[in-house]
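The lines below spell out each chain.
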Amino acid sequence: MSTRPKLLIIDDNERYVELVHHFLRDYSYATRCNLPGPCWECPMRAGCTLTHAHDATEATEALDKHPDVEVVLLDLEFVLPPERLLPIPSLLNRRGAARLSNPDVNSSLAADDSVSDRQRLQGLAILAHLRRLRSDVQVILMTSHDELAVRGTSQLLASDEFLTVAGADAFDARALGLLIERLLLLRREIPASSGYLFGSSVAMSRLRREALVLGRTALPMLVQGETGTGKSALCEQVIHPAAERRGPFVSVDLSAIPETLVAAELFGVAKGAFSGATDREGRFERANHGTLLLDEVGNLPLDVQRMLLLVLQESRVTRLGENTPRPIQVKVVAATHVDLRKAVQQGRFRADLYARLNPAARLVLPPLRERREDLEPLLFGLLRKTFSSGPNRQLLVQYCDAAGLTEPPQVSLHWGRRPPAKISGVRFLLSSVAKDAIFNHPFPGNIRELELLIANAALLSLADAMHAAKTERAVPAVAHTIPIPNQLIQRLLDGGWPEQESEPPAASEPAENGQRLSVMVHPGRTLHEVAQELERQIYEQLHADSGDFSQMAERLLLGSNAANPRRVRLRYNQLGLRIRDRSGHKS
């Protein structure tokens, strides 16, 4: 049996088949015939039409026959008779017409379902069909046009690749082969033991691949998403293993550390830096040669943001109270639930630090309400996680003993009135009413709320079943099945999680009659020295935000005296500060 990766070609003619069969012979191909391959060695090859699928129907037959297909090569345009064409996906009809950059094809493409439109976009229709059949298969959409710009189809194409194949030559085959290898690598790299539950949605499939690619680079990463979407778990269970670094995974929740202690926690402290200080490494040193997660990075004070920027730029960290920097090699991942771009516009987050966090390649975890198709696999996975170890596992074992179940203690989840008969272990049963209630719930707490829901429901139901088993009044024949009451599900949904509130104002957010700034208090020999240091930080932050003494004067002084900017600049110099140009050099 061949261990080569298997590909399926879907094309209305022979062009792409000839290309891959000539140049890419290290793969096996899903055909519609029963003869042994490969096709290029087959004596019946001349004139054979069974080498690939020509339309959606033949593609379905090929996938049924070859469930081990890993990558599909799909043409965009299919010149077929109307009876062999699928309708244009409703996503295109509803949100706008698809357009090709080739002016000969563009003409006046409308969103109606004409035969010409269906032929031009049949690849997208087949793609939508494939996504319903096999969400795990990677798809490469190919066309001979220079560019594909499909308006309103970002969701449809979110987890798939697009490749322009200009001609049947070795250059195109090389590009195609590299893309196939990339998809195969990403498909196989996350083991089931990683523990992270991606689900089966298109958006999460794309995110999975991007997390693996970016995780292997030295670039900083930015992970955004609402509270409870799984940002920390993604960093620890996916990004850190992908980096293959020998150091540890270190996480710090910046929202839980007082502002005056953040710098010391991140960068470390030297003995004598302040009263009672002893030598202590910071999180960056602790994560050396590993991965550091800066959770809720939007909570960083502005002065610490400047220090973090220097660490990211120079790959060196200086402990507080020291002058000698220490070299580090750390994969930095910043996570947040706030909109950092908006925070930059409001002056709450440094623009240069935001740019250094690589926002163009940021990973955005979608909220659970936008990935309903993931609810079922997530519920199954979270139920197994609930009983995988610890006290919950012991409770499951105790129930199996009390109910006389001799099979290994394992759990499964089923919908409807009764589960399939040939399922071993304990089977939790949710009615269609409970299922509808779960699928219609907004889940403001996202994955975290869903995990608590299924854990509470299963554990409470298991406790009731345990009591019934101990009284010996339960029906032994159905001891494998534990129904979860509808009322319990509804009660947990109603009282489980409050609606998300608007985020509180950050330390530097503009206030009604002024602006909030964040300063670091350092002990001094006199109160005058302490006050001067605080004033120096205020002037430094205001100048860094605007770079203009006229604007600083408007913030610091009342009235419109023309001499105010000069007075502010004079005080700026008296504090020992020097003007920096945009490149950071003192003037």
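Residues numbered from 1 in each chain as written. Predicted model: local features only at pLDDT ≥ 70, side-chain atom pairs only at ≥ 80, totals over all residues. Heavy atoms only, no water.

*Asks:* Help me understand the overall build of the protein, please; the structure alone is not making it clear to me.
*Replies:* Across its full length, the protein carries 22 helices and 19 strands. Counting all 587 residues of the protein, 46% fall into the buried class. Looking at the protein as shown, the accessible area adds up to about 29900 Å², and 51% of this sits on carbon and sulfur atoms. (Helix = DSSP H or I, 4+ residues; strand = E, 2+ residues; numbered from the N terminus. Buried < 20%, exposed > 50% of the residue type's maximum accessible area, 1.4 Å probe, protein only. Areas by Shrake-Rupley, 256 points an atom, 1.4 Å probe, with all protein chains shown as cover.)

*Asks:* Is there a simple way to think about the nonpolar core in this case?
*Replies:* Where a protein is soluble and globular, its nonpolar side chains tend to be buried together. Tyr399, Val426, Phe428, Leu450 and Ile489 are the most contacted members of the largest nonpolar core, which totals 38 residues. Broken down by secondary-structure element, the contributors of at least two residues to this core are helix 15 (375-386), helix 16 (390-403), strand 15 (411-415), strand 16 (426-430), helix 17 (432-439), helix 18 (446-471) and helix 19 (486-495). Per element, the largest residue contribution to this core is 10 residues, and it comes from helix 18. The contacts of Val426, once residues within four sequence positions are left out, are Leu396, Tyr399, Cys400, Leu405, Gln410, Val411, Ser412, His480 and Ile482. The next biggest cluster of nonpolar side chains, apart from the first, holds 33 residues, and it includes Leu254, Leu266, Val332 and Tyr354. (Core = buried A, V, L, I, M, F, W, Y, C linked by side-chain atoms within 4.5 Å. Contact = heavy atoms within 4.5 Å.)

*Asks:* Please clarify how the sheet that holds strand 15 should be interpreted in this entry.
*Replies:* Pairing between sheet strands relies on hydrogen bonds along the backbone, with the strands arranged either parallel or antiparallel. Pairing within the open sheet is parallel, and its 3 strands lie in the order 15-16-17. Pairing within the sheet leaves two strands with one partner each, and these edge strands are strand 15 and strand 17 (481-483). Within the sheet, the average angular offset between the axes of one strand and its neighbour, ignoring direction, is 30°. Note: strand 16 against strand 17, 3 bridges, orientation parallel. (Pairing = 2+ DSSP bridges. Axes fitted to C-alpha atoms, helices over the stretch in contact; angles between N-to-C directions.)

*Asks:* In this structure, what is going on with the sheet that holds strand 13 (residues 331-336)? I would like to understand it.
*Replies:* Strand order in the open sheet formed by 5 strands is 9-10-13-8-14, with parallel pairing between adjacent strands. Taken across any chain shown, the strands that pair with only one partner, and hence form the sheet edges, are strand 9 (249-253) and strand 14 (363-365). Across the sheet, the axes of successive neighbouring strands diverge by a mean angle of 20°, strand direction being ignored. Note: strand 8 (residues 221-225) against strand 14, 3 bridges, orientation parallel. By the bridge assignment for strand 14, Gly225 is matched with Leu365.

*Asks:* Would you explain the environment of Gly195 in this entry?
*Replies:* If you trace the backbone, Gly195 turns up in the loop between helix 7 (170-189) and helix 8 (202-215). Judged by its relative accessible area of 45%, Gly195 is partly exposed. Each C-alpha atom, one on Gly195 and one on Lys385, is 8.5 Å from the other, the two residues being 190 residues apart in sequence.

*Asks:* How should the pairing of strand 13 be read in this particular structure?
*Replies:* Most of strand 13 is tucked away: 6 of the 6 residues are buried. Of the two faces of strand 13, the one holding Lys331, Val333 and Ala335 and the one holding Val332, Ala334 and Thr336 are both buried throughout. Where strand 8 and strand 13 come together, 4 bridges link them in parallel fashion. From the neighbouring strand, Met221 faces strand 13, where its bridge partner is Val333. Taken together, the 5 bridges between strand 10 (residues 291-295) and strand 13 define a ladder with parallel strand orientation. Bridge assignment links Asp295 to a residue of strand 13, and that residue is Ala335.

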